[in-house]
Amino acid sequence: MSAVRTVLGDVAPEQLGVVDAHDHLFIRSPQLPGKELDDADDARARLDAFRELGGGTVVQWTPYGMGRRIAELPALSRATGVRVVAATGLHQAAHYTGELLDAVRGRLAELFVGELTEGIGDTGVRAGLIKVAGGFHGLDEHAVLTMRAAAEAHHRTLAPIAVHLELGTGALDVLDLLCGELGVRPGSVILGHLNRSPDFAVHRLAAEAGAWLAFDGPSRTNHGTDWRMPDALRALAEAGFADRLLLGGDTVTPDTPGMPYLLRRVRPRLELTLGEGLVDRILVANPARAYAW
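Residues numbered from 1 in each chain as written. Predicted model: local features only at pLDDT ≥ 70, side-chain atom pairs only at ≥ 80, totals over all residues. Heavy atoms only, no water.

Chemist: Please clarify how helix α8 (residues 229-238) should be interpreted in this entry.
Modeler: Since one α-helical turn is 3.6 residues long, residues separated by three or four positions face the same way. Looking at α8, one finds that the buried residues are Met229, Pro230, Ala232, Leu233 and Leu236. Relative to the axis of α8, the buried residues are bounded by an arc of 165° and lie together on one face. Of the residues trailing α8, Gly240 is marked for its positive phi of about 100°. (Buried < 20%, exposed > 50% of the residue type's maximum accessible area, 1.4 Å probe, protein only. Helix = DSSP H or I, 4+ residues; strand = E, 2+ residues; numbered from the N terminus. Arc of directions from axis to C-beta.)

Chemist: Would you mind going over unusual backbone geometry with me for this structure?
Modeler: In this structure, Arg69 is a non-glycine residue whose phi angle is positive, near 50°. Counting through the fold element by element, Arg69 comes out in the loop between β4 (55-60) and α2 (73-80). With relative accessibility at 25%, the residue Arg69 sits in the partly exposed group. Phi angles above zero are rare outside glycine, and His137 is one such case at about 55°. Considering the arrangement of structural elements, one finds His137 in the loop between β7 (129-133) and α5 (141-157).

Chemist: Help me out: how do you make sense of the pairing of β4 in this one?
Modeler: Within β4, 6 of the 6 residues are buried, which leaves it mostly tucked inside the rest of the structure. Looking at chain direction, strand β3 (residues 18-23) and β4 are connected through 4 bridges and run parallel. When the sheet's bridge partners are listed, Val19 is paired in β4 with Thr57. What joins β3 to β4 is helix α1 (residues 40-52), and the crossover it makes is right-handed. As paired elements, β4 and strand β5 (residues 83-85) share 3 bridges and run parallel to each other. Looking at the pairing, Val58 lines up with Val84 of β5. (Pairing = 2+ DSSP bridges. Right-handed = clockwise from strand over helix to strand, strands pointing away.)

Written out as structure tokens, the structure reads:
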């Protein structure tokens, strides 16, 4: 039987409800000085607002070493009634100090497997996915290293692998490495940020390969592609790939619209283009399959 690993334990996929397939309750990075998400009261307020709009589950893609505050996630989940899925994995090298990278570089696969199966630190909370990252239109040495470790951890656990695509680029390079060379089943790969590069041909090729396509991070101030997202989703649905689509808020700074915005503004906008039934499928049925082990 398949299950989704939440911070409160494994649950049946059909129990997730409406899912924000990519977001952050907590995150810190030297790339975002002074814009950390590091306030538990704010995290609870966002979860409460998401729940009031019908939300059931939030998947936090914050990986190792970026301020996940894992110990606080179970209490937040219980208090708000929103299921939370936590991540292991590693982001781009720019998000870490050299000392941290030196400390983990030779044991990444073991680190990922341990956090997926035994728990993160001494919290007892187990991760439910592996988060890694590509580069801009390609894969640098760090990306290849982390993806090789993610593939090994996936083969040992069957955990899904979620991939940050820099500005939505490099999707096919990621699939060539993870699925072509390293043997990861495409249905276990979630490609993030495809809304940021509205290249319909790349979207179609990634869908044909069997990967999950996440359109996440709407209305970020430095991205002007929101108006293309409904057309991109419609093109994929009309081509027969409605069952490969995911939606997320990707809150990374205090001024990001975030998870309530996903349901309050993005959902009705997409319903005008796609219809309520298809949007419900993208928010409920698809993530239940994508995040199940």
